[in-house]
Amino acid sequence: MEKNQYIEAGKIVNTHGVRGEVKIQVWLDSPEFLRGFKTVYIERKPVKMLSARIHKGFVIATFEGVEDVNAAMCLKNKTVFIDRADADLPEGAYFLQDIIGAKVVDEDGTEIGILSDILETPASDIYIVKGETEHMIPAVPEFILSADAENGIIRVHLIEGM
């Protein structure tokens, strides 16, 4: 499966204060993960992140060249990307976008369908699998036996009614 070099990390939702800080709604697992990046990408251009702190689940960041509220306002509603090469993921971890389009099979290897979408809910993510019928599978260890992002295969355990 083809992997995008740049990963959507969040969206600049507002300015913060008058010194050019921006408020980023983070789309990654945690705001702490985004804080670890020195460079992010906005409109395909690298932007050096001079500082980043977490405030009420958002990242408040200062970017090089953004020195006042007017400059920060120009960034509002822009998507923030990270470079995959800069991400230090733990062994076996992957970005969710890397498994969209993966083949989903049951314990016996019978193909169920293709992972078409992932719904993020407070309890757990829900994998939407489209095949002969549509399946909604909670992304918890009881049902997701393995996910091989490199080869694009997810093994699942289905129960009746799923």
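Shown above is the structure to which this text applies.
Presented here is an overview of the structure given in this document. The residue numbering used here restarts from 1 in each chain and proceeds along that chain's sequence as written. pLDDT decides what is reported in this predicted model: residues at 70 or higher carry local features, side-chain atom pairs at 80 or more are listed and counted, and totals for whole chains, interfaces and linings draw on all residues regardless. Each side-chain value is derived from all of the structure's non-hydrogen atoms; neither hydrogens nor water enter the calculation.

## What to know about the pattern of salt bridges
Moving on, step 1. When a carboxyl oxygen of Asp or Glu lies within 4 Å of a side-chain nitrogen of Lys or Arg, that pair is called a salt bridge. Counted according to the given criterion, the structure contains 4 salt bridges.
Moving on, step 2. The salt bridge partner of glutamate 21 is arginine 53, with a shortest N-O separation of 2.5 Å. Highlighted residues: glutamate 21 in strand β2 (residues 21-26) and arginine 53 in strand β4 (residues 45-55), separated in sequence by 32 residues.
Moving on, step 3. Three labels apply to residues, based on accessible area from a 1.4 Å probe with only protein chains included: buried if under 20% of the type maximum, exposed if over 50%, partly exposed otherwise in between. Of the residues examined, arginine 53 reaches a relative accessible area of 37% and is grouped as partly exposed.
Moving on, step 4. Between lysine 78 and glutamate 43 there is a salt bridge; the shortest N-O distance is 2.9 Å. Remark: glutamate 43 occurs in the loop between β3 (39-42) and β4 and lysine 78 occurs in the loop between α2 (69-73) and β6 (79-83); sequence separation between them is 35 residues.
Moving on, step 5. Take lysine 78: its relative accessible area is 22%, and that puts it in the partly exposed class. Here a helix means four or more residues in a row that DSSP labels H or I, a strand means two or more in a row labelled E, and each is numbered from the N terminus.

## A few points about unusual backbone geometry
Moving on, step 1. Look at glutamate 43: it is not a glycine, yet its phi comes out positive at around 55°.
Moving on, step 2. Here the phi dihedral of lysine 56 falls at roughly 55°; this positive angle occurs in a residue that is not glycine.
Moving on, step 3. Here lysine 56 is to be found in the loop between β4 and β5 (58-63).

## Remarks on the nonpolar core
Moving on, step 1. Counting 24 residues, the largest nonpolar core has Ile24, Leu34, Val40, Phe63 and Ile82 as its most contacted members.
Moving on, step 2. Elements supplying a minimum of two residues to this core: β1 (6-16), β2, β3, β4, β5 and β6.
Moving on, step 3. Side-chain atoms within 4.5 Å link the members of a nonpolar core, which is a set of buried Ala, Val, Leu, Ile, Met, Phe, Trp, Tyr and Cys residues. Counting residues in each nonpolar core, the second largest holds 14 residues, with Ile99, Leu115, Ile118 and Ile144 among its members.

## Side note on the pairing of β6
Two faces, one strand: in a regular strand the side chains alternate between the faces of the sheet.
Moving on, step 1. When β1 meets β6, the two strands line up antiparallel, connected through 5 bridges. In the sheet register, lysine 11 faces β6, and the bridge partner there is threonine 79. Here, a strand pair is defined by DSSP locating no fewer than two bridges between the strands.

## Focus on the side chain of aspartate 106
Moving on, step 1. The residue aspartate 106 is located in the loop between β7 (103-105) and β8 (111-120) in this model.
Moving on, step 2. At 7.3 Å, arginine 155 is the nearest oppositely charged side chain to aspartate 106, a buried residue that forms no salt bridge.
Moving on, step 3. In terms of polar contacts, aspartate 106 uses its side chain to reach the backbone amide nitrogen of aspartate 108, at 3.0 Å.
Moving on, step 4. In this analysis, two residues are considered to be in contact whenever any of their non-hydrogen atoms come within 4.5 Å of each other. Excluding residues within four positions of it along the chain, aspartate 106 makes contact with Ile112, Arg155 and Val156. We treat Lys and Arg as the positive residues and Asp and Glu as the negative residues; His and chain ends play no part in the count. Here a polar contact means two N or O atoms within 3.5 Å. Within protein one must be a hydrogen donor candidate and the other an acceptor candidate, and residues neighboring in sequence count only if both atoms are side-chain atoms.

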